[in-house]
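Fold and geometry: a report
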Amino acid sequence: MKKVSKEFFLEELTAPVVESLGYELTDLTFEKKGKDWCLTLFIDSENGISLDDCETVSRQISELLDETDPIEQSYFLEVSSPGMDRPLKKEKHFLSNLDKKIAVHLFAPLDGKKDIEGVLKLYNTDQLTLELETGEMLTLENSKIAKANRLDELNFKPLPSAE
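What the five strands build is an open sheet, ordered β7-β6-β5-β4-β8; its pairing is antiparallel. Lying at the two open borders of the sheet, with one neighbouring strand each, are β7 (137-141) and β8 (145-150). Geometrically, the sheet is characterised by an average inter-axis angle of 45 degrees between neighbouring strands, direction not taken into account. Bridge count for strand β6 (residues 127-131) against β7 is five bridges, and the pairing is antiparallel. Looking at β7, one finds that L128 is bridged to L140.

Our next topic: the confidence of the model for the protein chain. Regions with low pLDDT carry predicted coordinates that are not meant to be interpreted in detail. Looking at the protein chain as a whole, the pLDDT averages 88, with 90% of positions reaching at least 70. Helix α3 (residues 91-95) is the least confidently modelled element of the protein chain, averaging 89 in pLDDT, while β6 averages 97, the highest of any element. Scored below 50 in pLDDT, residues 155-163 shows six contacts in the model against residues more than four places distant or in partner chains.

Overall, mixed pairing links the three strands, which are arranged β1-β2-β3 in an open sheet. Only two strands of the sheet have a single partner each, and these edge strands are β1 (24-33) and β3 (75-80). For this sheet, the mean angle separating the axes of adjacent strands, direction not counted, is 15 degrees. Bridge count between strand β2 (residues 36-44) and β3: six bridges; the pairing is parallel. Paired with L39 across the two strands is L77, which belongs to β3. Against the sheet, helix α2 (residues 51-68) touches β2 and β3, its axis set at about 145 degrees to β3.

Applying the stated criterion across every chain, the model contains three aromatic pairs. Relative to W37, the ring of F30 has its centre 4.8 Å away and its plane inclined at 20 degrees; by these criteria the two rings are stacked. In this structure F30 comes out as buried when scored by relative accessible area, which is 9%. Taken together, a centroid distance of 6.3 Å and an interplanar angle of 75 degrees make the contact between F30 and Y75 edge-to-face. You can see F30 sitting in strand β1 and its partner Y75 sitting in strand β3, a full 45 residues away along the chain. Given the relative accessible area of 26%, Y75 is considered partly exposed. In textbook terms, an aromatic cluster arises when at least three aromatic residues are bridged by ring pairs, as seen for F30, W37 and Y75.

This next bit is on helix α1 (residues 6-20). The terminal C-alpha atoms of α1 lie 22 Å apart, and with 15 residues this matches the ideal 21 Å at 1.5 Å per residue to within 8%. Along α1, the sharpest change in direction is near 35 degrees and occurs at T14; proline P16 comes one to four residues later. Turning to α1, its buried residues number three or more, namely L10, E11, T14, A15, V17 and V18. Buried residues along α1 sit in contact with β1, β2 and α2. In the segment just after α1, G22 is the residue with positive phi, at about 95 degrees.

Time to look at the nonpolar core. Formed by 18 residues in total, the largest nonpolar core has its most connected members in V18, L25, L39, L41, I43, V57 and I61. If you list the elements that add at least two residues to this core, you get α1, β1, β2 and α2. A total of five residues in this core trace back to one element, the largest contributor, which is α2. Ignoring sequence-local partners within four residues, the contact set of L41 consists of T14, V18, L25, D27, L28, I61, L77, E78, V79 and S80. By size, the runner-up hydrophobic cluster in this structure holds 15 residues, among which are I116, L128, L138 and L140.

Parameters and conventions
Residues numbered from 1 in each chain as written. Predicted model: local features only at pLDDT ≥ 70, side-chain atom pairs only at ≥ 80, totals over all residues. Heavy atoms only, no water. Pairing = 2+ DSSP bridges. Helix = DSSP H or I, 4+ residues; strand = E, 2+ residues; numbered from the N terminus. Axes fitted to C-alpha atoms, helices over the stretch in contact; angles between N-to-C directions. pLDDT = per-residue confidence, 0-100. Contact = heavy atoms within 4.5 Å. Phe/Tyr/Trp six-rings, centres within 6.5 Å; stacked < 30°, edge-to-face > 60°. Buried < 20%, exposed > 50% of the residue type's maximum accessible area, 1.4 Å probe, protein only. Expected span 1.5 Å × (residues − 1). Bend = angle between axes of the 7 residues up to and from the residue. Core = buried A, V, L, I, M, F, W, Y, C linked by side-chain atoms within 4.5 Å.

Below, the structure written as structure tokens:
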């Protein structure tokens with residue numbers, strides 16, 4: 001029998017409530033921070049996320065967790081926006097970031113590098129293609145990517161246009 005992770009279970013439990021409030025649950029983590037456990041929900045919407053949005057979701061999720069009591073140990077609940085350098089985990093995250101600069105961290109080095117940045121040009125369930133600063137296209141198998149993040153566009157220098 002396949003073991004279901006606590007994070008997967010908590011995501012399945014909380015996502016419907018988050019969505020019913022008009023937001024998207026983009027990520028969820030349950031991890032130890034120092035000596036305390038922390039359940040963090042990352043939410044987003046087409047209009048961005050304000051502190052009031054986080055408060056609204058936090059109140060509803062807190063009620064849900066009090067009713068269902070799915071976590072044995074004591075923990076803190078945090079609700080946050082994914083931020084500018086948001087992690088890309090699901091197919092829809094990658095697809096919504098086509099033509100945006102991302103960073104990928106590989107499980108094993110490729111040409112001596114584990115960290116690669118580029119503009120995401122193509123994505124499917126098996127691989128993605130980045131346009132590097134040199135203009136070269138690099139295709140990577142998704143199974144070789146440990147994590148990926150969108151890069152802060154305020155610090156993004158656009159690629160020079162080919163003339």
